[in-house]
Amino acid sequence: MLPVVAIVGRPNVGKSTLFNALTRTRDALVADLPGVTRDRHYGVCRLGARPFVLVDTGGLSGERIDIDELTEKQVQLAIDEACACVLLVDAREGLLPQDRAILDRLRRAGKPVLLAVNKTDGIDAQAALAEFATLGVAATFAIAAAHARGLDALLAATQPLLPPDAEADALTEDDDAAGIRVAIVGRPNVGKSTLVNRLLGEERVVVSDIAGTTRDSIHVPLERDGRQYVLIDTAGVRRRGRVDDALEKFSVIKTLQSIAAAQVAAVMLDAGEGVTDQDLALIGQVLEAGRALVIVANKWDGLEQYDRERCKAGLERKLDFVAWAKIVFLSAKHGSGLRELMRAIDSAGTAASRKLGTSDLTRSLEKAVAAHQPPLVRGHSPKLRFAHPGGENPPTIVIHGTRTKHIADSYRRYLENFFRKRYKLEGTPIRIEFREGENPYAGKRNVLTDSQQRKRRRMLRHVRGR
């Protein structure tokens, strides 16, 4: 396991900017607003001699109301698991009482502290350092996280604070390294973060009744029944017409990026409300990205028998276009239905990454064509000659033949259903690409010989004489 270093500080001092600069990513959402980050965000910093896990935390505002209190708990968990902490302060705002309070908390936790004075670009750095010298932190550095200035000295001071027994080459903390990536998406306040916490068995992400609590996409590794997963808790997506805030627009973009980066997308909806237009739009985004799909109907425990039957009927009617997707009914709050959910995710992930062979696909294509011929195109039947795999996630089948440009969509759906049933590709979309061979005689004129021209003239005279 890699050692952990946490970045803590007041809101809007540049913690997420420093996190992105040290991890060389854009994983953390950055905006010129206080309180953007609420959950713990993990990444691996490989810039120094020894890699370590960096934790981006929410700002400690000192207030204990609503989201601020929940964010403070997440920060405390990051401090407890860290071997060292970077206290980030704002040089332009100067030393504030809240900075002293945060430093006292770190000292009571017994953690080594590095003081990073951010936003020193364009001002006298030495004067800024002199102001924060009253905190009594020996390791104080002037940095500009937005421009990646002063980070080398900060990294050099971090290396001696790492535990000597840590394995420098154990990069298992990189959450994109292994496991099925599962993006949990849905409208605001349908229970996505609650589901993540229930699967992990801990308060890993902030959960609140306030819609829009999650703003960033949080990657969380999970091991369950001997299998590895990476859960991606995403921000809730509302209808485009209701999204006015710039920060919410960035959150929606991060959610769409998480769908594209995942292997399986679990679209979560409220069973009491049924399928809304926004749920259908999110499912459309998943299909456009070509990701495996699992429908999760949450808050199932609070419904009466009549409401449950009505919900099932509505799901079957409105989700007929993704009838191949598994529908799981669960309660994230109480933990019922989690086993069925993980089974559906495993099945969809396996189907999406299944490898197909050229010879077997060609034989299957011949059987499909023999059972049902493609419709005629201008009086001629298209010829489908052979098929071969074109990729995974989603499974792509490339079919070569003639007159394939005019094949009807209904026949394409017939082939999709045939291959899905034959190879048991449940839970994942199938893409079929038709490719037409080039006509070697296209654009070439058939020049007649002298003998052929004489025969043609004799034939024309004979026809006219009749």
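Residues numbered from 1 in each chain as written. Predicted model: local features only at pLDDT ≥ 70, side-chain atom pairs only at ≥ 80, totals over all residues. Heavy atoms only, no water.

1. Some remarks on the packing of aromatic side chains
Counted according to the given criterion, the structure contains five aromatic pairs. Consider the rings of F419 and Y423, whose centres lie 6.4 Å apart with planes at 20 degrees: the pair is stacked. A residue pair is termed a helical-turn pair when its members lie 3 or 4 positions apart in one helix, as F419 and Y423 do in helix α12 (residues 409-423) at four residues. The burial state of F419 is the same as that of Y423; both residues are buried. Aromatic rings pair up to connect Y411, Y414, F418, F419 and Y423 into one cluster. Stacked on the ring of F329, the Lys or Arg K312 has its end atom at 5.6 Å from the ring centre. (Phe/Tyr/Trp six-rings, centres within 6.5 Å; stacked < 30°, edge-to-face > 60°. Helix = DSSP H or I, 4+ residues; strand = E, 2+ residues; numbered from the N terminus. Buried < 20%, exposed > 50% of the residue type's maximum accessible area, 1.4 Å probe, protein only. Lys NZ or Arg CZ within 6 Å of the ring centre and 35° of its normal.)

2. As for the nonpolar core
Grouped together as the largest cluster of nonpolar side chains are 30 residues, with contacts concentrated most on L195, V264, M268, V294, L341 and I345. Those elements that place two or more of their residues in this core are β7 (180-186), α6 (192-200), β8 (218-224), β9 (227-233), β10 (264-270), β11 (292-298) and α10 (338-352). Of all the elements, α10 adds the most residues to this core, at seven residues. Among the nonpolar cores identified, the runner-up in size contains 28 residues, and V4, V44, L103 and V113 belong to it. (Core = buried A, V, L, I, M, F, W, Y, C linked by side-chain atoms within 4.5 Å.)

3. Considerations on helix α3 (residues 97-108)
Helix length check: α3, at 12 residues, gives a terminal C-alpha distance of 17 Å against a target of 16 Å (1.5 Å per residue), a fit within 8%. Looking at α3, one finds that the buried residues are D99, I102, L103, R105 and L106. For α3, the arc enclosing every buried residue in end-on projection is 155 degrees, short of the 170-degree limit, so these residues lie on one face. Away from its buried face, by an angle of more than 90 degrees, α3 presents the exposed residues P97 and R108. In this fold, the buried residues of α3 make contact with β1 (4-9), α2 (67-81), β4 (84-90), β5 (113-118) and α4 (125-132). Downstream of α3 by a residue or two, G110 has a phi angle that is positive, lying close to 75 degrees. (Expected span 1.5 Å × (residues − 1). Arc of directions from axis to C-beta. Contact = heavy atoms within 4.5 Å.)

4. Things to note about the sheet that holds strand β14 (residues 396-402)
Sheet architecture is open: three strands sit in the order β13-β14-β15, paired in mixed fashion. Sheet topology places β13 (383-391) and β15 (431-436) at the edges, where each strand pairs with a single neighbour. Strand-to-strand twist of the sheet, defined as the mean angle between neighbouring strand axes without regard to direction, takes the value 25 degrees. Summarising the sheet, β14 and β15 pair through six bridges and their orientation is parallel. Paired with V398 across the strands is E433, a residue of β15. (Pairing = 2+ DSSP bridges. Axes fitted to C-alpha atoms, helices over the stretch in contact; angles between N-to-C directions.)

5. Overview of the pairing of β13
The sheet contact formed by β13 and β14 spans seven bridges and is antiparallel. Following the sheet pairing, F386 is matched in β14 by H400. Between the end of β13 and the start of β14, which pair antiparallel, lie four residues, with N393 showing a positive phi angle near 50 degrees.

No statement about biological role is implied by the geometric values presented.
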